[in-house]
Number of protein chains: 2
Amino acid sequence: MTNAAPLFQRVCLIGIGLIGSSLARAMKLHGLAEHIAISTRSAETLAKAEELGLGDSYTLDAAAAAQGADLVIICTPMGAQAAVAKSIHDSLKPGAIITDVGSVKATTIRDIAPHLPGGVHLVPGHPIAGTENSGPEAGYAELFPGRWTILTPTEGTDADAVEKVKQLWLGCGANVEIMTPEHHDRVLAITSHLPHLIAYSIVDTADQLEDETKKEVITFSASGFRDFTRIAAGDPVMWRDVFLTNRDAVLEVLGRFTEDLTALQRAIRKGDGDMLEETFARARAVRRSIIDAKQHIPDVKPNGDKS
Amino acid sequence: MTNAAPLFQRVCLIGIGLIGSSLARAMKLHGLAEHIAISTRSAETLAKAEELGLGDSYTLDAAAAAQGADLVIICTPMGAQAAVAKSIHDSLKPGAIITDVGSVKATTIRDIAPHLPGGVHLVPGHPIAGTENSGPEAGYAELFPGRWTILTPTEGTDADAVEKVKQLWLGCGANVEIMTPEHHDRVLAITSHLPHLIAYSIVDTADQLEDETKKEVITFSASGFRDFTRIAAGDPVMWRDVFLTNRDAVLEVLGRFTEDLTALQRAIRKGDGDMLEETFARARAVRRSIIDAKQHIPDVKPNGDKS
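Residues numbered from 1 in each chain as written. Chains lettered and ligands numbered in written order. Predicted model: local features only at pLDDT ≥ 70, side-chain atom pairs only at ≥ 80, totals over all residues.

## Looking at the overall build of chain A
- Check the secondary structure of chain A and you find 12 helices and nine strands.
- For 307 residues, the compact-globule estimate of 2.2 N^0.38 gives 19 Å, and the C-alpha radius of gyration of chain A, at 21 Å, lies within 12% of that figure.
- Overall, the C-alpha framework of chain A stretches about 65 × 40 × 40 Å when taken along its three principal axes.
- Here chain A holds 307 residues, and 55% of them are scored as buried.
- Sequence separation of 24 or more characterises 76% of the internal contacts of chain A that already satisfy a separation of 6 or more. (Helix = DSSP H or I, 4+ residues; strand = E, 2+ residues; numbered from the N terminus. Rg over C-alpha atoms; globule rule 2.2 N^0.38 Å. Buried ≥ 20, exposed ≤ 12 C-beta atoms within 10 Å, placed from the backbone. Contact = placed C-beta atoms within 7 Å.)

## Comments concerning the domain arrangement of chain A
All names here are of chain A.
- For chain A, the assigned domains read domain 1 (8-179) and domain 2 (184-292).
- The straight-line distance from the C-alpha centre of domain 1 to that of domain 2 is 31 Å.
- For the side of domain 1 that touches domain 2, the per-class residue count stands at six nonpolar, seven polar and two charged. (Domains from an automatic or database assignment. Nonpolar A, V, L, I, M, F, W, Y, C, P; charged D, E, K, R; others polar.)

## Looking at the relation of the copies chain A and chain B
- Once chain A is rotated about the relating axis by 180 degrees and shifted along it by 0.0 Å, it coincides with chain B to within an RMSD of 0.0 Å. Those values place the two copies in the arrangement expected of a two-fold rotation axis. For chain A, the residue whose C-alpha comes nearest the rotation axis is A:Asp227, separated from it by 3.6 Å.
- A shared binding surface is used by both copies, with 100% of the interface residues of chain A retained as interface residues in chain B. (Least-squares fit on C-alpha atoms with pLDDT ≥ 70 in both.)

## Considerations on the environment of A:Ile73
- Mapped onto the elements, A:Ile73 comes out in strand E4 (residues 71-74).
- Once residues within four sequence positions are removed from consideration, A:Ile73 is found in contact with A:Val11, A:Leu13, A:Leu23, A:Thr99, A:Asp100 and A:Val101.

## Comments concerning the environment of B:Leu254
- Looking at where B:Leu254 falls in the secondary structure, it is placed in helix H11 (residues 247-270).
- On the basis of neighbour count, B:Leu254 is assigned to the buried category, with 23 C-beta atoms found within 10 Å.
- Along the primary structure B:Leu254 and B:Val84 are separated by 170 residues, whereas in three dimensions their C-alpha atoms are 31 Å apart.
- For B:Leu254, the contacting residues outside a window of four places in its chain are A:Gln265, B:Leu194 and B:Leu197.

## Side note on the interface of chain A and chain B
- Taken together, the contact pairs 78 residues of chain A with 78 residues of chain B.
- The dominant element in the side of chain A that touches chain B, judged by the number of residues it contributes, is helix H7 (residues 181-207) of chain A, at 19 residues.
- Residue composition of the side of chain A that touches chain B, by class: 42 nonpolar, 18 polar and 18 charged.

## Structural notes on the sheet that holds E4(A)
All names here are of chain A.
- Strands sit in the order E3-E2-E1-E4-E5-E6 across an open sheet of six strands; the sheet is parallel. Of all strands in the sheet, those with a lone pairing partner are strand E3 (57-59) and strand E6 (121-122), marking the two edges.
- As paired strands, strand E2 (residues 33-39) and E3 are joined by three bridges and run parallel to one another. When the sheet's bridge partners are listed, Ala-37 is paired in E3 with Ser-57. (Pairing = 2+ DSSP bridges.)

Take a look at the structure:
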């Protein structure tokens, strides 16, 4: 499925991990970019990207990659976004669009916007997609179909620029939703950040058990624990940055969660079976809503129009 | 794959939900019982079991089903085990073996053993297998292959009786491990009970959000939360009984988990990125151990010998 004319002449990808390399593959598959310029900080990773044939040009110099690009997609961990924006400042051509794939959006705007020259358009984005693997070899073109990408342009952002970024994601097969950065960060705090924090925490609790029991935790992990280890297998640097950047929203939902867990703890201690059964029944109903919303099917077809 | 002579002449299944009906199907498939007598408390469920052809005889009277059985398998929620044991007391023939499938084992022994007549053998068991569905129509014969069943006979239990229950599970394709009931309950508290409690808790936290955000939690659930809803979709009555019966072990690991989560919370509040990254990296290594132990493959072939 290729388009008559590519959506972009020159796309610059900075950072070529799971998401960056999946985007490169998807853009190639769907003919969305005439030229894909790839830049990343590590020579080893860049060589791997070239070996995999992910782009059309490769450089360790982000400024060189961004030179003349219609679209720059920053796919680094969020902690590196400010430095990347600074480094490409002088290379950006007027009218260039800058986007990213970070999991927290208010800070993207805080970290990137001040370092951009006038006349370019920032359209922050977040594809809700991923696997437990990382690095350029972990990506694949079909990561996005049926998944959502959320765009969080601020008021006054050029409507055409937003539309072009939207068309990019639709072209990769994703559904697209637009919301404010603050709202995005609150929703993701509960749907993604808190679940990951809890999964990391319980896996670490198990890891600190005495050796004999730890061995058995591995052996008998099929009973629930294994699902947590999968959630807790994401890139540690990426997740560190998520919690450092979405601190307030995460601490807020963590506070609510701790209250609810404490109430369950008290019910167990007091032997209050009715409270436990009611809570569990309510939670089961939420599962039903998700199944009804077809969110249980990993690869549903996108319902947005394709470019 | 049928055996020359069935392992048991008459097996009585009391309770015919997900696990009971899967056992019935597996015993039939593998020719492990000459006659399967099914009893359950609800007339509707019993009719469903008969309609599905799960056994050879059906009765609402547990005592009648247990009459003359070589093996009685109690597959009810744990809260009903004591009453079931009392009701079949007078029907059990000398030498009969009694087992169960409850998720907590110390209480199985406490609830069932006192109600059994002399000359019968109690071999408590726990198949670590399940799905988010419940009821007789949810079971399937292939639920057990590659999964573990833990048997927790107390000291002095007849070795032949333990061996026959072991052969039953091996015959259904499961791996079998033997340990003390107390050790079982500690291991399962961390691998299964705590993960389920936490999943129920976070799903309930999300359920209490204002309506607008709740709708978005459903829509964007693919980012971690969805996995929790699957874990939190088990039968509420069964899980209520797990927490009421394994109270001490669950409260103990819950205390450790809360400590660990509080430490992560403090690191987020203080912006301690090093602590977060180190914790996340350790958790990722646990995932690696599980993959190495092949626990990530849902249907690995059993490595125990088959009868």
